[in-house]
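Close look at the chain arrangement
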Amino acid sequence: MTSSSFILKGCIAFSEGSKSIVTYRGGYVVCVDGICKGAFSEFPKRYENLPLVDCKNQLIIPGMTDLHVHAPQYTFRGIGMDEELLEWLSKYTFPEEAKYSDLSYARKAYGYFAEDLRRCFTTRAVVFATLHNEATVELMDQLDKTGVITYVGKVNMDRNGGVGLEEESAEASLQATLEWLEQIQGKYTNTMPILTPRFIPSCSDELMKGLGKLSAEKGLRIQSHLSENQSEIAWVKELVPSSTSYANAYEIFDTMGTAELPTIMAHCVYSDEEEMAILKKHGAYIAHCADSNMNLASGIAPIRKFLDAGINIGLGTDVAAGSSMNMIKTMLISLQASKMYYRLVDADVKPLSFEEMFYLATMGGGSYFGKVGSFKDGYEFDAVVIDDSKMYSMRDMSVRERIERMVYNDADAFITDKYVKGNKIYSSAE
Ligand code: GUN
Ligand code: FE
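Thresholds applied
Residues numbered from 1 in each chain as written. Chains lettered and ligands numbered in written order. Predicted model: local features only at pLDDT ≥ 70, side-chain atom pairs only at ≥ 80, totals over all residues. Heavy atoms only, no water. UniProt positions renumbered as here; feature names shortened; annotations may be inferred. Helix = DSSP H or I, 4+ residues; strand = E, 2+ residues; numbered from the N terminus. Axes fitted to C-alpha atoms, helices over the stretch in contact; angles between N-to-C directions. Parallel < 35°, antiparallel > 145°, perpendicular 65-115°, else oblique. Contact = heavy atoms within 4.5 Å. Core = buried A, V, L, I, M, F, W, Y, C linked by side-chain atoms within 4.5 Å. Buried < 20%, exposed > 50% of the residue type's maximum accessible area, 1.4 Å probe, protein only. Near = heavy atom within 4 Å. Polar contact = N/O pair within 3.5 Å; in protein donor to acceptor, adjacent residues only side chain to side chain. Areas by Shrake-Rupley, 256 points an atom, 1.4 Å probe, with all protein chains shown as cover. Nonpolar A, V, L, I, M, F, W, Y, C, P; charged D, E, K, R; others polar. Pairing = 2+ DSSP bridges. Donors = N, O, S within 2.8 Å, 3.2 Å for Na, K, Ca; no water. Salt bridge = Lys/Arg side-chain N within 4 Å of Asp/Glu carboxyl O.

The name an unreviewed UniProt entry gives the chain is Guanine deaminase, with Pseudobutyrivibrio ruminis as the organism. Quoted verbatim from the Cofactor (unreviewed entry) heading of the UniProt record, the comment on the chain is "Zn(2+)".

So this is what it looks like as structure tokens:
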């Protein structure tokens, strides 16, 4: 057995499905060669030869998956938040991303992103870079070293990017994509490429079709944005007049994916029955980005409907429209958003329970990466050990209460150790 075989002892919480959270106080979770062999209330004797790490009264939960985050936007998070999507993109985001033509700028900024990603609750992430090949490879180099498992996309955009953030033509964008894929071929352990048409307003029909074809030919997944904002949706209708919906426009270009190569669509705030049917048919994932949707006043996505319809769904921070990479904060805002949807929009759409939100942050998004996001037998061993001892209480709290409290008040929940596939990639003691 390799060094990634061990047992953690502590206060364990994980999902097995969306309706309940399994907890063990003073329980054990076993990792053998990077794979979880299950969690137990009693010491599992058959693993008695493995080293035991006693985490005492700390919480031990599965790592979280951030299904949608923009690495080049990290360093301007939390500012310029008084605009709506299209104005925010042209005023702040595109000018910032244009700076990544400068490799030394990219190296420094991506250094901040990669290090903070290593330190947060996220063990898996699906990441947008910019359209620049050199900077994207730099980001992938840095992310691979963190041990966090990621998909990273060189962004495609051949229209409406403004000064300095537009590829010359569909052909040039596709050619750059091929060159990027060639450059990184076989280079990484933890980092994988994903095709990334920014959204339909950024990509000509020819470029979209070319990316759809490339995805099928090379077996590459796709990520993009869908139905985030009403002005955006109206614009897409003008740009692709034959489409019956925004989702259908992606379908027309063969970029909605398949169950084997699922596309991630961020947002889906305004996805109706037709779009839901398209997402479901293709096995696509919705990246629910509630923090971003609040900040840009985009709206509230009806995630209860998506979940009940059996559509794949996980959470995204969508930095920098979302202001933080902290998945715990994203869970809280997503919970609050679903409560307000119920109260203000549709009383028939019940708020998500805490159990459902914990599931989305761990197993829901994790399933995009395979058997990820749970301590069930056979899952890849991603775990976060958390010290919440500074959250004083006047009584003895259950593990379930402690994880709920951590989400509703993240201020004093400190990550002690973080494991990905059984490798410890961060420790507060380092
Ligand atoms: N739609 C197209 N690009 C972006 C982006 O960078 N952020 C968000 N939130 N939406 C987008
Ligand atoms: Fe986004």
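Some words on the UniProt feature "domain: Amidohydrolase-related" (unreviewed entry) in the chain
Look at the UniProt record and you will see "domain: Amidohydrolase-related" (unreviewed entry) annotated at residues 60-414. Between the C-alpha atoms that bound residues 60-414 there is a distance of 12 Å. The span itself is 44% helix and 14% strand.

Section: the packing of helix α11 (residues 327-345) against helix α13 (residues 399-408)
With their axes 7 Å apart at the nearest point, α11 and α13 run at an angle of 85° to one another. Of the possible angle classes, the one that applies to α11 and α13 is roughly perpendicular. From α11, Ile328, Met331, Leu332, Leu335 and Lys339 reach across to α13, where they touch Met406, Val407 and Tyr408.

Here's the deal with the nonpolar core
Ranked by size, the top nonpolar core spans 120 residues in total, and within it Phe113 and Met331 carry the most contacts. Non-local contacts of methionine 331, meaning those with residues more than four positions away in its chain, are made with Met64, Leu315, Phe354, Met357, Phe358, Ala361 and Val407.

Some details on the site of ligand 1
With respect to spatial proximity, 13 residues lie near ligand 1, and among them His70, Gln73, Arg198, Glu228 and Asp318 are the closest. Between an oxygen atom of ligand 1 and a side-chain N or O atom of glutamine 73, the distance comes to 2.9 Å. With the chains in place, 100% of the 280 Å² that ligand 1 exposes on its own is no longer accessible. In terms of residue count, helix α1 (residues 85-98) provides more of the shell around ligand 1 than any other element does, three residues in total. Counted by class, the shell around ligand 1 contains five nonpolar, five polar and three charged residues.

Some thoughts on the sheet that holds strand β17 (residues 423-427)
An order of β3-β2-β1-β4-β15-β16-β17 is seen for the seven strands of this open sheet, with the pairing classed as mixed. Both edges of this open sheet fall to β3 (35-40) and β17, since each of them pairs with a single strand only. Neighbour to neighbour, the strand axes of the sheet diverge by 35° on average, direction disregarded. When strand β16 (residues 414-420) meets β17, the two strands line up antiparallel, connected through four bridges. Residue pairing in the sheet places valine 420 in a bridge with asparagine 423 of β17. Sitting on the sheet, α13 is in contact with β1 (6-15), β2 (21-32), β4 (52-62) and β15 (383-387), with an inclination near 60° to β4.

Some words on the coordination of the iron ion (ligand 2)
On the protein side, the iron ion (ligand 2) has His68 (NE2), His70 (NE2), His225 (NE2) and Asp318 (OD) as donor atoms, found 2.0 to 2.3 Å from it. In terms of primary sequence, the donors binding the iron ion (ligand 2) are separated according to H-x1-H-x154-H-x92-D. Here histidine 70 is found in strand β5 (residues 64-70), whereas its partner aspartate 318 is found in the loop between β14 (312-315) and α11, with 248 residues between them in sequence. A relative accessible area of 3% means that aspartate 318 is categorised as buried.

Observations regarding the pairing of β1
Burial runs high along β1: nine of the ten residues are buried. Sheet topology places β1 next to β2; nine bridges connect them, and they run antiparallel. Looking across to β2, one finds that serine 15 is bridged to isoleucine 21. Counting the residues that bridge the hairpin from β1 to β2 gives five residues.

Quick word on the pattern of salt bridges
Taken as a whole and assessed by the stated rule, the structure comprises 23 salt bridges. With a shortest N-O distance of 2.7 Å, arginine 25 and aspartate 396 are connected by a salt bridge. With arginine 25 in strand β2 and aspartate 396 in the loop between β15 and α13, the pair connects residues that are 371 residues apart, well separated along the chain. Classification of arginine 25 by relative accessible area gives partly exposed; the value is 48%. By relative accessible area, which is 59% here, aspartate 396 ends up exposed. Among the salt bridges present, the one from arginine 124 reaches aspartate 382, with a minimum N-O distance of 2.6 Å. With arginine 124 in strand β6 (residues 122-128) and aspartate 382 in the loop between α12 (354-366) and β15, this pair connects stretches of sequence that are 258 residues apart. Take arginine 124: its relative accessible area is 2%, and that puts it in the buried class. Relative accessible area serves as the criterion here: at 2%, aspartate 382 is assigned to the buried category.

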